[in-house]
Amino acid sequence: MTAHAVVIVGAGPAGLMLAGELALAGVDVGIVERRANQDLAGSRAGGLHSRTIEVLDQRGIADRFLSEGQVAQVAGFAGVHLDISDFPTRHNYGLGLWQNHIERILAGWVGELAVPVYYGREVTGFAQDGTGVDVELSDGEALRAEYLVGCDGGRSLVRKAAGIEFPGWDPTTSALIAQVEMAEQPPLGVHPNAFGIHSFGKLDYKILDGKVVYADGGPVGVMVTEQHVGATTEPTLQDLSEALIAVCGTDYGIHSPIWISRFTDMTRQAASYRDRRVLLAGDAAHVHAPDGGQGLNTGVQDAVNLGWKLAGVVKGTSPESLLDSYHAERHPVAARVLRNTMASVALRRPDERTKAVGETISELLGMDEPRRRFAAMMSGLDIHYDLSEGHPLLGRRMPDLELATSEGPLRVFTFLHEARPMLLNLGEPGGIDITPWADRVQLIEATYLGVWELPALGVVTAPTAVLVRPDGYVAWVGDGTELGLADALATWFGPPTAA
């Protein structure tokens, strides 16, 4: 039986990100993926929000994605465009990049970290005991792990087999999405009507002077709302033809489908993200409508929250109870995503009364303060973990400041590339002693004379020191004293090393 400290089920964005985080921490991790390779049929998610780009920048790999994608203002709510170009972040934009490319780039990074991926195999069951989990594979082989993490999508076998409930709401709307050839040219763009929303777009395009310019010929991307909700079979070309005829009066001579898929607004969230030695991340933990493009981003950030905590427990430096903070922090984040996607779906219903509500919301979001609040929410820049009362930075993302150090100017994110926590001392050099945690936490002496500003909140008081977790969130803020520092270090990074 092959053994790993952690086995991840699913090599999607959440699974790959988690594997990378664990590998950086020196944890033996393996991934089981039912696909034969990393190829992905269909478009799935279409890009990254600002906070996810920051997370990738924290690991030093953001440029790999930026070099292949299209930088654009992608934040929005209920069809209302929300510009974040004035936000205090190096990445005050989103990135248009299809999920198959996101996965390919992540898989390349994970490959560099020498993580084994068991392609072409499915997990068929598992049994956990007091020291680990026995994982059964479809080829008859078995794996042994200290911890098992289900990153295996909305229909997660891991979640079901663990007996974790998945409460929520059944779908109210259904849509087909596909890439097909068409004999006739459809009207490109997004077209709402009495049936709902449908759209057509060429796969080959460029953005010139802010406008989309499509190439001639080639396959067409289609999205069309279905008249009926509740289909349980895999969608066919006939289903797509019937849906197009119902909405548009013609199917434009569709033929030669590359792929066809269905999505709904089913909204569910795992009641718990953990059952003893089994954990959930990504779509295995939460599913919702694609409004706002938040699913992939939420999953990647689940992984970055969980990775360093799981590594600390596996390596024995942190107590197992640290894993409870994963659910405590990430469940509310996804619950908020579920709420805003349900609101967005409700606001795009085609009846006149809903349109009137949508117009009112649009007018409100045209004002600066609501725009800032909603844009920060949709882009992931306003995430706030409840780490107790105190400085506004506590529990929020650490800004990527340019620090003055003994080695010259360096960005904060540079110190997070290896996923190691840091105590940033901005006060008197040598004024803070973290020797009992020096094997786990890096101490950075630096100065910063600029303004501290947070998205949606604005300018905050400059701290004298900050403790930054590997996921980039602030766990302690100093005001010239070390009050509470030892407790914060012990809470997040384990007890002090004996002298």
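A few points on the structure. (Residues numbered from 1 in each chain as written. Predicted model: local features only at pLDDT ≥ 70, side-chain atom pairs only at ≥ 80, totals over all residues. Heavy atoms only, no water.)

**Topic: the sheet that holds strand β19 (residues 254-264)**
If you trace the 5 strands from one edge of the open sheet to the other, you get β14-β15-β18-β13-β19, paired in antiparallel fashion. Looking at which strands have only one partner, the edges of the open sheet turn out to be β14 (189-193) and β19. Across the sheet, the mean angle separating the axes of adjacent strands is 15 degrees when strand polarity is ignored. Pairing analysis gives 4 bridges linking strand β15 (residues 196-202) to strand β18 (residues 220-225), with the strands arranged antiparallel. Residue pairing in the sheet places G201 in a bridge with G221 of β18. Strands β13 (174-182), β14, β15, β18 and β19 of the sheet are contacted by helix α6 (residues 237-248), whose axis makes an angle of about 80 degrees with β19. (Pairing = 2+ DSSP bridges. Helix = DSSP H or I, 4+ residues; strand = E, 2+ residues; numbered from the N terminus. Axes fitted to C-alpha atoms, helices over the stretch in contact; angles between N-to-C directions. Contact = heavy atoms within 4.5 Å.)

**Quick look at unusual backbone geometry**
The phi dihedral of S256 falls on the positive side, at around 50 degrees, and the residue is not glycine. Considering the arrangement of structural elements, one finds S256 in strand β19. Residue classification places S256 among the partly exposed residues on the basis of a relative accessible area of 44%. Located in the positive-phi region is A419, a residue other than glycine, with phi close to 60 degrees. Turning to its location among the elements, A419 is positioned in the loop between β25 (408-411) and β26 (422-425). (Buried < 20%, exposed > 50% of the residue type's maximum accessible area, 1.4 Å probe, protein only.)

**Some words on the nonpolar core**
Judged by nonpolar contacts, the single largest core of 116 residues is most densely connected at V6, I8, F65, L310 and L467. Per element, the largest residue contribution to this core is 10 residues, and it comes from helix α7 (residues 295-314). In terms of nonpolar packing, the next biggest core, distinct from the first, is built from 15 residues, A178, F200, L240 and A243 among them. (Core = buried A, V, L, I, M, F, W, Y, C linked by side-chain atoms within 4.5 Å.)

**What about the packing of helix α2 (residues 50-58) against α7?**
α7 packs onto α2 with a crossing angle of 35 degrees between their chain directions and a minimal axis gap of 9 Å. Relative to α7, α2 is oriented so that their crossing is left-handed. Across from R51, T52 and V55 in α2, the residues of α7 making contact are N297, V300, Q301 and V304. When grouped by side-chain class, the residues that make up the contact of α2 with α7 number 3 nonpolar, 3 polar and 1 charged. (Left-handed = near helix turned anticlockwise from the far one by under 90°. Nonpolar A, V, L, I, M, F, W, Y, C, P; charged D, E, K, R; others polar.)

**What about the pairing of strand β24 (residues 402-405)?**
Successive side chains on a regular strand alternate, one facing one side of the sheet and the next facing the other. Burial along β24 is one-sided: the face carrying L403 and T405 is buried and the face carrying E402 and A404 is not. Of the strand pairs in this sheet, β24 and β25 are connected by 4 bridges, and their pairing is antiparallel. Residue pairing across strands places A404 opposite P409, the latter belonging to β25.

**Observations regarding the pattern of salt bridges**
Scanning the entire structure with this criterion turns up 31 salt bridges. D86 is the partner of R371 in a salt bridge, and the nearest nitrogen-oxygen pair spans 2.8 Å. Highlighted residues: R371 in helix α10 (residues 368-378) and D86 in the loop between β6 (80-81) and β7 (94-96), separated in sequence by 285 residues. A cluster of three or more residues bridged by salt bridges with shared partners is formed by D57, R90, D400 and R411. (Salt bridge = Lys/Arg side-chain N within 4 Å of Asp/Glu carboxyl O.)

**So, the sheet that holds strand β31 (residues 474-478)**
Across the sheet, 4 strands lie side by side as β27-β26-β30-β31; this open sheet has mixed pairing. Two strands in the sheet have a free side with no partner beyond their single neighbour: β27 (442-445) and β31. Neighbour-to-neighbour, the strand axes of the sheet open up by a mean angle of 15 degrees, direction not taken into account. When β26 meets β27, the two strands line up parallel, connected through 4 bridges. Within β27, the residue paired with M422 across the bridge is Q442.

**Looking at the environment of L82**
Mapped onto the elements, L82 comes out in the loop between β6 and β7. Residue classification places L82 among the buried positions, given a relative accessible area of 0%. Residue contacts for L82: discarding those within four places in its chain leaves Q73, A75, G76, F77, L365, R371, F374, A375 and M378.

**Focus: α2**
Taking burial as the measure, the 9 residues of α2 include 9 buried ones, the bulk of the element. Among all positions in α2, only S50, R51, T52, I53, E54, V55, L56, D57 and Q58 are buried. Residue G60 follows α2 closely and has a positive phi angle near 80 degrees.

**Quick notes on the environment of R104**
Relative to the elements of secondary structure, R104 occurs in helix α4 (residues 99-112). Overall, the relative accessible area of 38% leaves R104 in the partly exposed class. Taking the C-alpha atoms as reference points, R104 and R348, separated by 244 residues in sequence, lie 33 Å from one another.

**A short note on the side chain of S174**
Topologically, S174 is positioned in strand β13. Apart from the residues within four sequence positions on either side, S174 is in contact with V224, T225, E226, H228, V229, R262, F263 and T264.

**Quick notes on the pairing of β14**
Both β14 and β15 contribute to a ladder of 5 bridges, which runs antiparallel. Residue pairing in the sheet places P192 in a bridge with I197 of β15.

**Details of the packing of aromatic side chains**
The full count for this structure, using the stated rule, is 7 aromatic pairs. Aromatic rings pair up to connect W308, W492 and F493 into one cluster. One cation-aromatic arrangement involves R277 over Y147; the distance from NZ or CZ to the ring centre is 4.8 Å. We note R469 situated over the ring of W492; from NZ or CZ to the ring centre the distance is 4.6 Å. (Phe/Tyr/Trp six-rings, centres within 6.5 Å; stacked < 30°, edge-to-face > 60°. Lys NZ or Arg CZ within 6 Å of the ring centre and 35° of its normal.)

**Focus on the packing of α7 against helix α8 (residues 324-347)**
Between α7 and α8, the least distance of the axes is 10 Å, while the angle of their chain directions is 170 degrees. As the angle between them shows, α7 and α8 are arranged roughly antiparallel. Across the interface between the two elements, T298, Q301, D302, N305, L306 and K309 of α7 pack against S325, Y326, E329, R330, A334 and V337 of α8. Grouping the constituent residues of the contact of α7 with α8 by class yields 4 nonpolar, 4 polar and 4 charged. (Parallel < 35°, antiparallel > 145°, perpendicular 65-115°, else oblique.)

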